[in-house]
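Read off the chains here:
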Amino acid sequence: MTSTKGRHVEKCLFPVAGMGTRFLPATKDIPKEMVPLIDRPLIHYGVDEAVASGCRDVVLVTSRGKQSIEDYFDRSLDLERTLAERGKKELAELVKSIAGKARVLSVRQAEPLGLGHAVLCGEALCKYGPFGVILPDDVMITGEDTPPVLAQLVRVHETYGGNVVALEKVPRQQTSRYGIVDVEPTGDPGLFAVRDLVEKPEPEKAPSEYAIMGRYVLTPDIFKHLKNLEKGAGGEYQLTDAMKSALDDQPLWGYVYSGRRYDCGTRESWIRATVALALEQDDLRAIIEEELDLYAKGR
Ligand code: G1P
């Protein structure tokens, strides 16, 4: 095993090759990562989180039809010029700032063979140090005084080395939606040593109710394990299985993060996220209250 403890987490990988079938027809012709939450696409939240967690490079693992994600993080000189000419300086600056957030690199995943395969596609760009992984469907919101969720995992890696996953307790009947870990507590609050993990177990076979949420810090050793994978749950190459195999040569930490998670890949959770975020903004909260009032009065 190569120790990467103490090495800065400079890159964050975003698997964005998926088709977004849970959100059709909205995602028929736009990537699911470009579905907006209030006034910015889902991927914008993930990239902000990575940058605020200290990452400089964003590695997109994309597929056919996903160019608009790369374009979103590129300069749009015509738009900036037009906005400036119309006196909309603030908007012009906002649009320009999106391109300056991070260096965006991309690589293609030619076939939808699973999350483990997607991460392996990023090997050439991520193999030199520990790197973050953000699944952008899971939008993580933290309060002003709380570090972003990825930063919470980076702290664990910087302190203890090894691989790190974000954990949340879920109702037992939901274990078949997630990677589930078998854990033992450490002295550090919220931090567990993972002894075993299994992808999407049925409730009666789940080793606990702690589920892996869409944030990881991985060391480049993971690529060796990803290359040796056999197909797992759902007939796909699973990142969970590679992390299990990596337990042989390095620790895996599970951290029960502080923050709220919204799985924006479904209509129900997306609408919940939209309302929750809107309620935090005075002008938008007033609109929601007005609409609820009108609804209560039967219009
Ligand atoms: C993936 C992972 C799973 C994890 C989940 C979190 O599953 O394979 O271990 O719990 O993300 O959202 P997916 O939702 O892509 O099926």
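The following paragraphs examine the structure supplied in this document. (Residues numbered from 1 in each chain as written. Predicted model: local features only at pLDDT ≥ 70, side-chain atom pairs only at ≥ 80, totals over all residues. Heavy atoms only, no water.)

## Digging into the overall build of the protein chain
Phase 1: Broken down by element type, the protein chain carries eleven helices and 13 strands.
Phase 2: Computed over its C-alpha atoms, the radius of gyration of the protein chain comes to 20 Å, within 12% of the 19 Å expected for a compact globule of 299 residues.
Phase 3: The principal-axis extents of the C-alpha atoms in the protein chain amount to approximately 60 × 45 × 35 Å.
Phase 4: Counting every position in the protein chain, which comprises 299 residues, the buried fraction comes to 48%.
Phase 5: By element, 51% of the accessible surface of the protein chain is carried by carbon and sulfur atoms, the whole surface being about 15,300 Å². (Helix = DSSP H or I, 4+ residues; strand = E, 2+ residues; numbered from the N terminus. Rg over C-alpha atoms; globule rule 2.2 N^0.38 Å. Buried < 20%, exposed > 50% of the residue type's maximum accessible area, 1.4 Å probe, protein only. Areas by Shrake-Rupley, 256 points an atom, 1.4 Å probe, with all protein chains shown as cover.)

## Here we look at the nonpolar core
Phase 1: By size, the foremost hydrophobic cluster in this structure holds 37 residues, and its most contacted members are Phe 14, Ile 43, Leu 150 and Met 213.
Phase 2: Here this core takes five residues from helix 7 (residues 149–160), the largest share from any one element.
Phase 3: Setting aside chain neighbours within four positions, we find Phe 14 in contact with Ile 43, Gly 46, Val 47, Ala 50, Val 58, Val 59, Leu 60, Val 61, Ile 134 and Pro 136.
Phase 4: In this structure, Val 119, Val 183, Leu 229 and Met 243 belong to the second largest nonpolar core, which totals 28 residues. (Core = buried A, V, L, I, M, F, W, Y, C linked by side-chain atoms within 4.5 Å. Contact = heavy atoms within 4.5 Å.)

## Here we look at the packing of aromatic side chains
Phase 1: Taken as a whole and assessed by the stated rule, the structure comprises five aromatic pairs.
Phase 2: Both rings, one in Phe 23 and one in Trp 270, keep their centres 5.8 Å apart while their planes meet at 80°; by these two values the pair is edge-to-face. Of the two residues, Phe 23 is situated in the loop between strand 1 (11–15) and strand 2 (36–37) and Trp 270 in helix 10 (residues 267–279); the sequence distance between them amounts to 247 residues.
Phase 3: By relative accessible area, which is 23% here, Trp 270 ends up partly exposed.
Phase 4: Between the aromatic rings of Tyr 72 and Phe 73, the centroid separation amounts to 5.1 Å while the plane-to-plane angle is 90°, which identifies the pairing as edge-to-face. Phe 73 carries the same exposure label as Tyr 72, and that label is buried. (Phe/Tyr/Trp six-rings, centres within 6.5 Å; stacked < 30°, edge-to-face > 60°.)

## Things to note about the packing of helix 10 against helix 11 (residues 282–296)
Phase 1: Running from amino to carboxyl end, helix 10 crosses helix 11 at an angle of 120°, the nearest separation of the two axes being 7 Å. In terms of their interaxial angle, helix 10 and helix 11 are classed as oblique. Contacts from Val 275, Ala 278 and Leu 279 of helix 10 reach helix 11 at Leu 284, Arg 285 and Ile 288.
Phase 2: Taken together, the residues of the contact of helix 10 with helix 11 sort by class into five nonpolar, no polar and one charged. (Axes fitted to C-alpha atoms, helices over the stretch in contact; angles between N-to-C directions. Parallel < 35°, antiparallel > 145°, perpendicular 65-115°, else oblique. Nonpolar A, V, L, I, M, F, W, Y, C, P; charged D, E, K, R; others polar.)

## A look at the environment of Pro 203
Phase 1: Counting through the fold element by element, Pro 203 comes out in the loop between strand 10 (191–199) and strand 11 (210–218).
Phase 2: For Pro 203, the contacting residues outside a window of four places in its chain are Arg 172, Gln 173 and Thr 175.

## Examining the layout of surface pockets
Phase 1: Taken as a whole, the second largest pocket spans an internal volume of roughly 400 Å³.
Phase 2: At the level of elements, helix 1 (42–52) and strand 7 (138–141) are the ones that each hand at least two residues to the lining of the second largest pocket.
Phase 3: Broken down by element, the residue count for the lining of the second largest pocket peaks at five residues, all from helix 1. (1 Å grid on protein atoms, 1.4 Å probe; cavity = no way out; pocket = protein on both sides within 12 Å on 5 of 7 lines; lining within 4 Å. Points joined across faces, edges and corners; volume = space filled by probe spheres on them.)

## Comments concerning the site of the ligand
Phase 1: Surveying the vicinity of the ligand reveals the residues Leu 115, Leu 135, Asp 138, Tyr 178, Gly 179, Glu 199, Lys 200, Ile 212, Tyr 216, Gln 238 and Thr 240.
Phase 2: Contact between the ligand and Gly 179: an oxygen atom at 2.9 Å from a main-chain N or O atom of the residue.
Phase 3: Alone, the ligand offers 380 Å² of accessible surface; in the complex the protein occludes 74% of this. (Near = heavy atom within 4 Å. Polar contact = N/O pair within 3.5 Å; in protein donor to acceptor, adjacent residues only side chain to side chain.)

## Topic: the pairing of strand 6 (residues 131–134)
Phase 1: Here strand 6 shows two buried faces, one formed by Phe 131 and Val 133 and the other by Gly 132 and Ile 134.
Phase 2: In the sheet, strand 1 pairs with strand 6 via three bridges, with the strands oriented parallel. Of the residues in strand 6, the one forming a bridge with Leu 13 is Val 133.
Phase 3: In the sheet, strand 6 pairs with strand 11 via four bridges, with the strands oriented antiparallel. The partner of Phe 131 across the bridge, within strand 11, is Leu 218. (Pairing = 2+ DSSP bridges.)

## As for helix 1
Phase 1: Counting buried positions along helix 1 yields eight of eleven residues, so the element is predominantly enclosed.
Phase 2: One or two steps after helix 1, the chain reaches Gly 54, where phi turns positive at roughly 100°.

## As for the side chain of Ser 208
Phase 1: By the element assignment, Ser 208 lies in the loop between strand 10 and strand 11.
Phase 2: Of the residues examined, Ser 208 reaches a relative accessible area of 11% and is grouped as buried.
Phase 3: Looking at Ser 208, its side chain comes within polar contact range of the main-chain oxygen of Val 181, at 2.5 Å.
Phase 4: Contact partners of Ser 208, with chain neighbours within four places excluded, come to Arg 172, Thr 175, Ile 180 and Val 181.

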